[in-house]
Amino acid sequence: MTATMSPEQAQPVAVESTGRRSSALRPGKSRVLTGVMVLYVIYTLIPLVWLVISATKTQTDLLSTAGLAPGHSFALFSNIKETLTYRDGIFLRWFANTLLYVVVGAGGATLLSTAAGYGLAKYRFPGRRAVFAVVLGAIAIPPTALAVPTFLMFSNMGLTNTVWAIIVPSLVSPFGLYLMWVYAEEAVPQELLEAARIDGAGEFRIFWTVSLRLLAPGVVTVLLFALVSTWNNYFLPLIMLSKPNLYPLTVGLTQWSNQAHGAGAHPVYNLVVTGSLLTIVPLIVVFFLLQRFWQSGLSAGSVKQ
Amino acid sequence: MSSAVQAVSHRRWWSNRDLRGWSFVAPFLAVFALVFLAPIGYAIYLSLYREQAFFGGKTFVGFGNYTDVFSDGKFWEGAVRVLLFLAVQVPIMLGLALAAALAIDSGRLRAPRVFRLVIFLPYAVPGVVAVLMWGYLYGTSFGLAADINHLLGTALQPLSGRWVLTSIVNIVTWEFVGYNMLIFYSALRTVPEDLYEAAALDGAGALRTVFSIKIPALRGAIVIATIFSIIGSFQLFNEPNILRNLVPNVINTNYTPNMYAYNLSFGGQQYNYSATVAIVMGVLTAIIAYVVQLRGSRDAL
């Protein structure tokens with residue numbers, strides 16, 4: 001990418017940004033603009049509101065009452081209970097699987113891309129340019145194009161139908177590496193590393209005790225994006241796993257949804273709806289709690305393009 | 001191991017410490033080689049062979065599978081469909097994202113933080129759940145489409161052959177406007193304050209500021225967002241594949257190239273041909289992404 005502005009210009013505003021505009025430049029509030037944006041917000045919220053309302057309905061009400069109107073009875077708690085206990089509590093199993101894939105997969109991906117991004121940003125070693133070219137090229141490769149060959153390879157290695165089939169591919173995030181690289185260039189001053197070296201600290205100790213602290217906002221950002229992509233992962237587990245007790249939530253939910261069709265159809269719409277709601281909530285909570293981080297990290301990533 | 005030897009022989013050019021950089025990068029590269037490079041290599045290998053139907057074993061066919069893909073109507077049907085999807089969906093999505101980012105950045109909205117959060121919200125919704133939700137909403141027996149038809153006497157059929165691609169455009173747009181909005185918004189926050197002050201001194205109005213300062217400052221972010229969106233469009237799989245369960249007669253197994261590759265492998269056991277389709281799609285995607293990047297960079301100079 002070409003640099004449209006120099007880092008010196010961009011750096012200071014990247015992190016602290018709110019309230020920087022002087023009042024002279026601050027125009028009055030526009031009702032028209034706010035109104036138009038409210039319309040867009042309504043569009044954004046309709047499916048989610050529908051989901052919340054529908055999770056309070058029994059299956060009969062779901063099929064017979066209007067989508068955005070309440071049902072005849074408030075069945076949220078019985079729906080949740082039924083979702084969690086249906087088929088010996090397989091939903092909880094899927095939930096635990098998802099947590100495992102997310103913690104190990106996204107956690108590992110963050111660790112690997114943080115170390116690698118830092119290494120690329122702060123050391124001038126031979127082959128650095130080659131790494132850059134290969135990883136940037138990898139961003140352009142659609143992961144799903146790799147999925148089928150990866151499946152065949154893993155199948156030969158006996159890895160399909162194991163948790164490793166999901167965890168190992170999740171460990172690599174070229175985009176995370178790119179983000180950390182850009183972030184580390186600016187967040188860790190070279191002088192600080194030199195000072196630590198003069199004090200006699202080894203390179204790994206410097207990384208763990210000095211640099212990692214400075215990289216923290218970028219690390220949280222990469223972790224959040226890795227978290228979303230592993231939590232939402234569907235294609236990979238769909239092809240890698242055929243045992244329902246290894247499924248993550250996404251694949252499990254579609255399986256429940258598919259029960260409504262075909263021979264021997266046994267629809268469980270209320271469980272699909274409630275299960276979907278339970279799948280969304282944790283991620284939304286995490287995003288709300290960690291807003292500060294993903295927003296500042298993203299700014300740093302957008303500085304250099 | 002060998003890095004120590006290297007370090008000695010290259011001491012003149014690289015200090016020992018710089019070579020330590022490799023040890024930070026090596027773990028990433030090892031996994032990267034396993035899940036990126038090896039499958040690419042394996043796919044290329046597979047694409048050069050063909051399974052023998054009757055005798056078992058495989059024969060080398062060179063580029064035979066590739067010439068088959070290029071003359072395969074089923075492949076092109078899906079490829080043309082994702083191109084059409086891309087041409088319509090990407091501008092709509094990025095246009096909405098840009099408008100939202102500019103509106104939130106303009107300082108003329110009440111409660112801009114609320115708008116930013118709510119518009120970003122769908123990104124945290126798993127794609128699968130988004131499709132299940134919209135799938136229900138599109139339903140004409142129950143769901144919102146049914147309610148609207150009932151209320152207004154219309155005959156909306158979002159999942160009919162005519163409308164299903166539009167319905168998919170809507171789902172993908174709903175999911176990703178917020179993510180792109182955030183990329184644009186973050187880039188806008190890095191525009192130096194003095195530029196706005198200078199523009200105000202020159203008497204530039206709000207619109208003038210948008211077109212002369214903000215949009216040029218966003219060029220890099222727009223190029224990046226376009227590339228990611230193109231890659232995403234070419235990969236279109238989740239949405240049609242899940243909706244297919246609702247309307248198996250409308251969405252066929254080669255609706256998108258990705259679905260085609262998937263169904264060739266898992267429905268037809270045609271692994272070699274499936275790998276070829278995957279490679280061709282990967283190369284096409286990379287070429288288009290590269291062209292967009294070149295154009296974007298050239299315009300920026």
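Computed from a predicted structure; not experimentally measured. (Residues numbered from 1 in each chain as written. Chains lettered and ligands numbered in written order. Predicted model: local features only at pLDDT ≥ 70, side-chain atom pairs only at ≥ 80, totals over all residues. Heavy atoms only, no water.)

Draft legend 1. Local environment of helix 6 (residues 127-138) of chain B. Helix length check: helix 6 of chain B, at 12 residues, gives a terminal C-alpha distance of 16 Å against a target of 16 Å (1.5 Å per residue), a fit within 8%. For helix 6 of chain B, the tally of buried residues reaches 12 of 12 residues, placing the bulk of the element in the interior. For helix 6 of chain B, every residue scored as buried is listed here: G127, V128, V129, A130, V131, L132, M133, W134, G135, Y136, L137 and Y138 of chain B. Among the structural elements, helix 2 (31-54), helix 12 (249-258) and helix 13 (269-289) of chain A together with helix 7 (144-152), helix 8 (164-188) and helix 12 (238-243) of chain B are those in contact with the buried residues of helix 6 of chain B. (Helix = DSSP H or I, 4+ residues; strand = E, 2+ residues; numbered from the N terminus. Expected span 1.5 Å × (residues − 1). Buried < 20%, exposed > 50% of the residue type's maximum accessible area, 1.4 Å probe, protein only. Contact = heavy atoms within 4.5 Å.)

Draft legend 2. Looking closely at a nonpolar patch on the surface. A cluster of nonpolar side chains, namely L84, V88, I92 and L96 of chain B, defines an oily patch on the protein surface of about 310 Å² accessible area. With respect to the helices and strands, the residue L96 of chain B is situated in helix 4 (residues 73-105). (Patch = residues over 30% accessible without salt bridge, like charges linked within 9 Å, V, L, I, M, F, W, Y side chains within 5 Å. Areas by Shrake-Rupley, 256 points an atom, 1.4 Å probe, with all protein chains shown as cover. Salt bridge = Lys/Arg side-chain N within 4 Å of Asp/Glu carboxyl O.)

Draft legend 3. Inspection of the side chain of T114 of chain A at higher detail. Residue and element names in this part refer to chain A. Inspection of the secondary structure assignment puts T114 in helix 4 (residues 76-122). A polar atom in the side chain of T114 sits 2.6 Å from the backbone oxygen of T110. Residues contacting T114, with those up to four places away along its chain left out, are M180, F207, L212, L215 and V219. (Polar contact = N/O pair within 3.5 Å; in protein donor to acceptor, adjacent residues only side chain to side chain.)

Draft legend 4. The arrangement of the packing of helix 2 of chain A against helix 4 of chain B in detail. In the contact formed by helix 2 of chain A and helix 4 of chain B, the axes pass within 11 Å of each other and the chain directions differ by 135°. Our classification of the angle between helix 2 of chain A and helix 4 of chain B gives oblique. Relative to helix 4 of chain B, the crossing made by helix 2 of chain A is left-handed. From helix 2 of chain A, L33, M37 and Y40 of chain A reach across to helix 4 of chain B, where they touch L96, A100, A103 and I104 of chain B. Of the residues that constitute the contact of helix 2 of chain A with helix 4 of chain B, the class distribution is 7 nonpolar, no polar and no charged. (Axes fitted to C-alpha atoms, helices over the stretch in contact; angles between N-to-C directions. Parallel < 35°, antiparallel > 145°, perpendicular 65-115°, else oblique. Left-handed = near helix turned anticlockwise from the far one by under 90°. Nonpolar A, V, L, I, M, F, W, Y, C, P; charged D, E, K, R; others polar.)

Draft legend 5. Summary view of the nonpolar core. Counting residues in each nonpolar core, the largest one holds 175 residues, and the members touching the most others are Y118, L215, M240 and W256 of chain A together with F184 of chain B. Residue contributions to this core peak at 16 residues, all from helix 8 of chain B. When residues of this core are assigned to domains, at least three fall in each of domain 1 (2-47) and domain 2 (68-300) of chain B. (Core = buried A, V, L, I, M, F, W, Y, C linked by side-chain atoms within 4.5 Å. Domains from an automatic or database assignment.)

Draft legend 6. Representation of the interface of chain B and chain A. Between chain B and chain A, the contact holds 104 residues from the first and 113 residues from the second. Contact between chain B and chain A buries roughly 10,200 Å² in total, counting both sides, with carbon and sulfur atoms accounting for 75%. The interface formed by chain B and chain A includes 0 salt bridges. Along the contact surface separating chain B from chain A lie 8 residue pairs in polar contact (both at pLDDT 80 or more). Ranked by the residues each element gives to the side of chain B that touches chain A, the list is headed by helix 2 (residues 16-47) of chain B, at 24 residues. Taken together, the residues that form the side of chain B that touches chain A break down as 70 nonpolar, 21 polar and 13 charged. (Buried area = accessible area lost by both parts, 1.4 Å probe.)

Draft legend 7. Just helix 8 of chain B, in detail. Residues and elements named next belong to chain B. The terminal C-alpha atoms of helix 8, which comprises 25 residues, lie 35 Å apart, in line with the 36 Å expected from a rise of 1.5 Å per residue. Of all bends in helix 8, the biggest is about 40°, found at F176. With 23 of its 25 residues buried, helix 8 lies for the most part within the structure. (Bend = angle between axes of the 7 residues up to and from the residue.)

Draft legend 8. Fine view of the confidence of the model for chain A. All names here are of chain A. Put simply, chain A has an average pLDDT of 83, and 85% of its residues get 70 or more. Confidence drops under pLDDT 50 across residues 1-24; counting only partners more than four residues distant or on other chains, this segment forms 39 contacts. Here residues 301-305 is modelled with pLDDT under 50, and outside its nearest four sequence neighbours on either side it reaches 22 contacts, counting other chains as well. (pLDDT = per-residue confidence, 0-100.)

Draft legend 9. How the structure looks around the pattern of salt bridges. Tallying each qualifying case throughout the model produces 6 salt bridges over all chains. Between E203 of chain A and R197 of chain A there is a salt bridge, with its nearest N and O atoms 2.8 Å apart. Of the residues examined, E203 of chain A reaches a relative accessible area of 9% and is grouped as buried. With its nearest N and O atoms 3.2 Å apart, the salt bridge here joins R50 of chain B to D68 of chain B. One end of the pair, R50 of chain B, is in strand 1 (residues 49-51); the other, D68 of chain B, is in helix 3 (residues 64-70), with 18 residues separating them in the sequence. A residue is classified by how much of its surface remains accessible, and R50 of chain B, at 32% relative accessible area, is partly exposed. One continuous salt-bridge network, built from bridges that share partners, spans E194, R197 and E203 of chain A.

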